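The lines below spell out each chain.
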Amino acid sequence: CIVYSIYKGIHTTMDRQKNKYYYLKGIKNGMPICLGYLAVSFTLGITARNAGMTAWQAMLTSLACNASAGQYAGFTVIAAGGTYFEMVLMELVANARYLLMSCSLSQKFSSETGLLHRLLVGFDVTDDIFGVAVSEPGKLNPFYNYGMMTVAIPGWSLGTFFGVIMGTFFNGLRIRFSSLVKLK
């Protein structure tokens, strides 16, 4: 009993160290993704603003759905006053590729990787994270993906938030500029 407890304690410590290593490696490899997302989601924020969303609404949408094509499609449906059925159909079509990516990515995990880890990793399968994860040699540790997600999700969400703010600012400049032109 005592020997098993000591073994289990050492095993847990080793697992924690391994998980920490892969998590930090994921953060390092996810930083370029984060910076790219910041720029791309900035334009998404402008689209969200044009659909009538506030910066907080757009940011919450980006936290819940980290899929650029799906979000652009969703904001377009919102701006057009579409129905919930149209929204669901549009999202299914725009995001169908993530199902295939998830199936492929699941093959990179050990058979001992639990369902909860698989579901958490599946929450943020994007083109970029998928590409980096599948290029990692050998079996994947889910903490590698968690590291990438730790920087990618805030980058995407903050870019959307600031895109709405800047879209509002630029719209205000356009209105002021057009009123100056009309005065002359």
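Please refer to the structure higher up on the page.
Please read all numbers here as calculations on a predicted model, not as lab measurements. (Residues numbered from 1 in each chain as written. Predicted model: local features only at pLDDT ≥ 70, side-chain atom pairs only at ≥ 80, totals over all residues. Heavy atoms only, no water.)

K.L.:
What's the story with the overall build of the chain in this structure? I'm lost.
P.N.:
Along its length, the chain carries eight helices and zero strands. Along the chain, from the amino end to the carboxyl end, the secondary structure elements read α-α-α-α-α-α-α-α. The buried share among the 184 residues of the chain stands at 35%. Nonlocal contacts in the chain, meaning residues at least 24 apart in sequence, comprise 81% of its contacts between residues at least 6 apart. In the structure as shown, the chain presents an accessible area of about 11,300 Å², 72% of it carried by carbon and sulfur atoms. (Helix = DSSP H or I, 4+ residues; strand = E, 2+ residues; numbered from the N terminus. Buried < 20%, exposed > 50% of the residue type's maximum accessible area, 1.4 Å probe, protein only. Contact = heavy atoms within 4.5 Å. Areas by Shrake-Rupley, 256 points an atom, 1.4 Å probe, with all protein chains shown as cover.)

K.L.:
Got a minute to help me understand the packing of aromatic side chains in this structure?
P.N.:
To describe a pair of aromatic rings, one takes the distance between the centres and the angle between the planes. Within this structure, the stated rule accounts for five aromatic pairs. Seen from their ring centres, Tyr-21 and Tyr-22 are 5.1 Å apart, and the 75° between their planes marks the pair as edge-to-face. Among the aromatic side chains, those forming a connected cluster through ring pairs are Trp-56, Phe-161 and Phe-162. (Phe/Tyr/Trp six-rings, centres within 6.5 Å; stacked < 30°, edge-to-face > 60°.)

K.L.:
Sorry if this is basic, but what is going on with the side chain of Lys-108 here?
P.N.:
Turning to its location among the elements, Lys-108 is positioned in the loop between helix H5 (97–106) and helix H6 (115–123). Lacking a salt bridge, the buried Lys-108 has Glu-136 as its closest oppositely charged neighbour, with an N-O distance of 7.7 Å. Here Lys-108 is in contact with Ala-133, Val-134, Glu-136, Pro-137, Gly-138, Lys-139 and Leu-140, once residues within four sequence places are set aside. (Lys, Arg positive; Asp, Glu negative; His and termini not counted. Salt bridge = Lys/Arg side-chain N within 4 Å of Asp/Glu carboxyl O.)

K.L.:
It is not clear to me how the pattern of salt bridges should be interpreted in this structure. Could you clarify?
P.N.:
Oppositely charged side chains can pair when the atoms bearing their charge come close. Under the defined criterion, the tally for this structure stands at two salt bridges. One salt bridge connects Glu-136 with Lys-25, and the closest N-O pair in it is separated by 2.4 Å. Of this pair, Glu-136 sits in the loop between helix H7 (127–134) and helix H8 (142–183) while Lys-25 sits in helix H1 (residues 2–50); the two residues are 111 residues apart in sequence, bridging distant segments of the chain. Residue classification places Lys-25 among the partly exposed residues on the basis of a relative accessible area of 24%. For the salt bridge of Arg-97 with Asp-127, the shortest nitrogen-to-oxygen distance reads 3.1 Å. Separated by 30 residues along the polypeptide, Arg-97 in helix H5 and Asp-127 in helix H7 bring together distant segments of the chain. Assessed through its relative accessible area of 28%, Arg-97 is described here as partly exposed.

K.L.:
Would you mind showing me how to read H7 here?
P.N.:
The periodicity of an α-helix, 3.6 residues per turn, causes residues three or four places apart in sequence to face the same way. Turning to H7, its buried residues are Ile-129, Phe-130 and Ala-133. What you see down the axis of H7 is that its buried residues fit within an arc of 100°, all on one side. (Arc of directions from axis to C-beta.)

K.L.:
Help me understand a nonpolar patch on the surface, please; the structure alone is not making it clear to me.
P.N.:
Residues Leu-35, Leu-38, Leu-158, Phe-162 and Ile-165 make up a contiguous nonpolar surface patch of about 430 Å² in total accessible area. Where the nonpolar patch is concerned, the elements lending two or more residues are H1 and H8. Ranked by residue count, the leading element in the nonpolar patch is H8, at three residues. Here Leu-35 falls in the exposed class, since its relative accessible area comes to 56%. (Patch = residues over 30% accessible without salt bridge, like charges linked within 9 Å, V, L, I, M, F, W, Y side chains within 5 Å.)

K.L.:
Honestly, the layout of surface pockets in this entry has me stumped. Any pointers?
P.N.:
A probe as big as a water molecule, rolled over the atoms, marks out the empty space that is left. In this structure, the largest pocket spans a volume of roughly 320 Å³. In terms of lining, the largest pocket is formed by 14 residues, of which the most central are Lys-18, Asn-19, Thr-113, Asn-141 and Pro-142. Elements with a minimum of two residues in the lining of the largest pocket: H1 and H8. Top contributing element to the lining of the largest pocket by residue count: H1, with four residues. Class assignment of the residues belonging to the lining of the largest pocket gives a composition of four nonpolar, six polar and four charged. Roughly 150 Å³ of volume is contained in the second largest pocket. Lining the second largest pocket, in full, are Ala-64, Cys-65, Asn-66, Ala-67, Asn-95, Tyr-98, Ser-102, Gly-122, Phe-123, Asp-124, Val-125 and Thr-126. Secondary structure elements with two or more residues in the lining of the second largest pocket: H5 and H6. Considering only residue class, the lining of the second largest pocket consists of six nonpolar, five polar and one charged. (1 Å grid on protein atoms, 1.4 Å probe; cavity = no way out; pocket = protein on both sides within 12 Å on 5 of 7 lines; lining within 4 Å. Points joined across faces, edges and corners; volume = space filled by probe spheres on them. Nonpolar A, V, L, I, M, F, W, Y, C, P; charged D, E, K, R; others polar.)

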